[in-house]
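# Structural overview
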Amino acid sequence: MIFELILTSNKNRLINKKNSALVKFFHEKELSKKFNLFLKQEKIELNQNQAANFFAKKEELLFAFTHKGSPDLLIVKKHKDENLTNDLLRNTLSAIIIRLKNESIQNLEIDIPPYSDFKELFSSETNYFESALEGIYLGNYDFEIYKTEKSKKQKLNVNIMSEGKTISSDQLLNCQNKMKAVSFARDLVNEPASTLTPQELARRVKLNLKHNSLRIKILNKKELQNRKMNAILAVGAASENDPLLIELHYKPSGKLKRKIALVGKGVTYDSGGLSIKPTSSMLEMKGDMAGAAAVIGTIAAAAALKLPIEIIGVIPAVENMISGKSYKPGDIVKTASGKSIEVKDTDAEGRIILADALEYACKQKPDEIIDFATLTGACVVALGETTAAMFTKNDKLAQALEDSSKSSFERIWRMPFYSDYKEQLKSDMADISNLGTRWGGSITAAIFLEHFVDKKIPYVHLDIAGPALKHKFTSYTEKYDTGFGVRLMIDYLSNLA
Ligand code: BES
Ligand code: ZN
Ligand code: ZN
């Protein structure tokens with residue numbers, strides 16, 4: 001984290017304290033009408049140059065140290081109708097926190113516009129406030145533990161209000177808990193692969209997810225062998241670090257709404273195996289366990305928020321490496337379900353380990369299964385870096401997840417899930433091949449996974465290869481992998497609760 005944040009929402013504004021900043025939003029069209037009046041009301045004086053800048057500059061986010069009056073620093077966001085989304089507050093506030101790293105501000109007062117200005121973009125006023133709070137926490141994330149020169153963690157008091165209206169302390173606390181889980185998920189994804197091995201992943205889960213209603217089970221290599229989870233074993237065979245399976249079971253007391261299984265791809269490093277990747281593609285493959293991180297973060301947050309839902313997390317954790325023990329193109333792997341896979345490409349390893357994991361999840365008889373996986377580059381080609389692909393045959397689940405996607409601004413897009421694409425996965429020697437043709441690669445990957453899911457259990461596959469990894473579309477995804485999925489799932493689970 002950049003700052004040690006102390007976040008409040010009360011009527012004692014911070015602008016008269018020393019080293020203070022004030023954030024104010026204006027619609028571009030209203031600036032000329034409202035800006036001078038605002039300066040007068042707040043008794044702020046800018047020097048002429050600065051004042052002119054606010055009108056002339058193209059930049060939407062402007063910083064100016066005041067000439068007279070308090071606060072010391074004035075921050076103005078000029079927003080326009082074009083490109084306006086419900087990410088406005090999240091993205092702007094995150095960008096501001098990141099910028100303040102280089103200033104000596106200790107008190108930040110944030111005036112957000114009234115909800116009524118943006119009503120049609122949000123599901124509720126709470127959802128509107130949440131977007132602002134999330135932006136503060138997302139911007140405050142960093143991953144600098146390996147830098148020798150550490151920036152000192154300064155305290156930053158932040159007070160946020162909307163035209164005198166405050167945010168409830170319940171919402172502040174819940175959001176803080178949720179965002180702590182998002183940061184934990186981000187730490188896991190950003191951690192280099194030589195540190196975050198399957199064992200280290202399991203260790204951190206045990207260390208950080210301590211909760212009365214949470215049981216954690218780690219199946220080691222021997223136990224995977226006993227359970228004939230040969231798919232996980234095959235992909236993990238070349239690595240010095242043994243594969244394992246992490247099972248999380250969150251079961252709070254009281255009447256529970258539903259039992260949900262969450263499955264997450266936990267490839268702690270994907271070199272491609274013998275079907276080796278080029279260096280440039282390998283660079284981001286420490287993040288090939290982002291699906292696992294989404295599941296872990298979701299369960300951590302659900303437990304902290306005491307959501308009345310039973311959740312089973314299933315995480316196959318492996319390194320896809322190269323050695324004399326590597327699994328090989330041409331191999332035939334017998335999965336725990338008994339179904340066999342012909343390995344045509346060792347780089348399509350995610351679907352192989354998920355075959356065993358999905359079967360394991362089905363055995364727990366959940367009401368529904370949702371998996372998260374950085375599964376295919378094809379998905380990123382199709383939808384770009386901001387958006388996950390959703391595959392499901394269940395319209396109700398699709399609708400609920402799409403609603404949560406809108407609320408959380410974690411974008412998902414429902415893809416076609418055509419059963420006849422299965423033709424591409426025919427094998428002459430095994431039940432299914434792990435490689436389709438060049439076309440529709442994220443769809444054939446989804447069809448492959450479905451082959452291992454009990455047809456009676458409603459099922460959703462989310463390919464998060466794009467949005468889980470860092471990208472330049474928003475201030476809070478620019479530098480570090482994103483923790484995609486946790487905010488989406490907490491919105492979804494909260495709506496059930
Ligand atoms: N982990 C990759 C997919 C990926 C690519 C994730 C880019 C994040 C960013 C996956 O295991 C993989 O290598 N998939 C192959 C599948 C192909 C061999 C059928 C791919 O997408 O090229
Ligand atoms: Zn791969
Ligand atoms: Zn992979």
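Details of the structure are given in the entry above.
Sequence order as written defines residue numbering, which begins from 1 separately in each chain. The order in which chains are written sets their letters, starting at A; the order in which ligands are written sets their numbers, starting at 1. For this predicted model, a pLDDT threshold of at least 70 governs which residues receive local features, and a threshold of 80 or more governs which side-chain atom pairs are given and counted, while totals over whole chains, interfaces and linings are taken from all residues. Only hydrogens and water are removed before side-chain values are computed, so all heavy atoms of the structure are retained for them.

## Topic: the overall build of the chain
What counts, and what does not: Runs of E in the DSSP output that reach at least two residues are strands. Runs of H or I that reach at least four are helices, and both are numbered from the N terminus. To get the radius of gyration, use the C-alpha atoms; to get the globule rule, take the number of residues to the power 0.38 and multiply by 2.2 Å. Only protein chains enter the accessibility calculation, which uses a 1.4 Å probe. A residue is then buried if its area is under 20% of the maximum for its type, exposed if over 50%, and partly exposed in between. Residues count as neighbours in contact if any of their non-hydrogen atoms are within 4.5 Å of one another. What sets the accessible areas is the Shrake-Rupley method with a 1.4 Å probe; for residues, cover comes only from the shown protein chains. Counting rule applied: Lys, Arg positive; Asp, Glu negative; His and chain ends not counted. Note on charges: their place is set at NZ of Lys, CZ of Arg, CG of Asp or CD of Glu.
Within the chain, the secondary structure is distributed over 15 helices and 18 strands. In terms of C-alpha radius of gyration, the chain reaches 24 Å, essentially the compact-globule figure of 23 Å for 497 residues. Projecting the C-alpha coordinates of the chain onto the three principal axes gives extents of approximately 80 × 50 × 40 Å. Per-residue burial for the chain yields a buried fraction of 58% across its 497 residues. Considering only intrachain contacts with a sequence separation of at least 6, the fraction spanning at least 24 residues in the chain is 77%. For the chain, the exposed area adds up to about 21,900 Å²; of that, 49% sits on carbon and sulfur atoms. Across the chain, 70 positive and 61 negative side-chain charges occur, with their mean positions spaced 4 Å apart.

## So, the site of ligand 1
Heads up, the rule is: Any residue with a heavy atom lying within 4 Å of a molecule or strand is counted as near it. The definition of a polar contact used here is a pair of N or O atoms within 3.5 Å, where within protein one atom must be able to donate a hydrogen and the other to accept one, and adjacent residues in sequence count solely through side-chain atom pairs. For this classification, the nonpolar set comprises Ala, Val, Leu, Ile, Met, Phe, Trp, Tyr, Cys and Pro, the charged set comprises Asp, Glu, Lys and Arg, and every other residue, Gly included, is treated as polar.
K277, D288, D347, E349 and G377 are the nearest of the 16 residues found near ligand 1. Backbone polar atom of G377 to an oxygen atom of ligand 1: 2.7 Å apart, as the coordinates give it. When ligand 1 is considered free in solution it has 520 Å² of accessible area, and contact with the protein chains removes 80% of it. In terms of residue class, the shell around ligand 1 is made up of 5 nonpolar, 3 polar and 8 charged.

## Digging into the coordination of the zinc ion (ligand 3)
Here is the rule: Atoms are scored as donors when they are N, O or S and lie within 2.8 Å of the metal, with 3.2 Å used for Na, K and Ca; no water is included, so coordination may look incomplete. Sites are called tetrahedral only when four donors show all angles between 85 and 135 degrees, square planar or octahedral only when four or six donors show opposite pairs over 155 degrees and all other angles between 65 and 115, and irregular in any remaining case.
Summarising the metal site, the zinc ion (ligand 3) is bound by the protein donors K265 (NZ), D270 (OD), D288 (OD) and E349 (OE), whose distances to it range over 2.0 to 2.4 Å. Classification of the site at the zinc ion (ligand 3) as octahedral follows from its 6 donor atoms and the range of 77 to 173° in their angles at the metal. Site description for the zinc ion (ligand 3): donor spacing in sequence, K-x4-D-x17-D-x60-E. In this model, the zinc ion (ligand 3) sits 3.2 Å from the zinc ion (ligand 2), the two metals being bridged by D270. Here D270 is found in strand β10 (residues 266-270), whereas its partner E349 is found in the loop between β13 (340-342) and α11 (350-363), with 79 residues between them in sequence.

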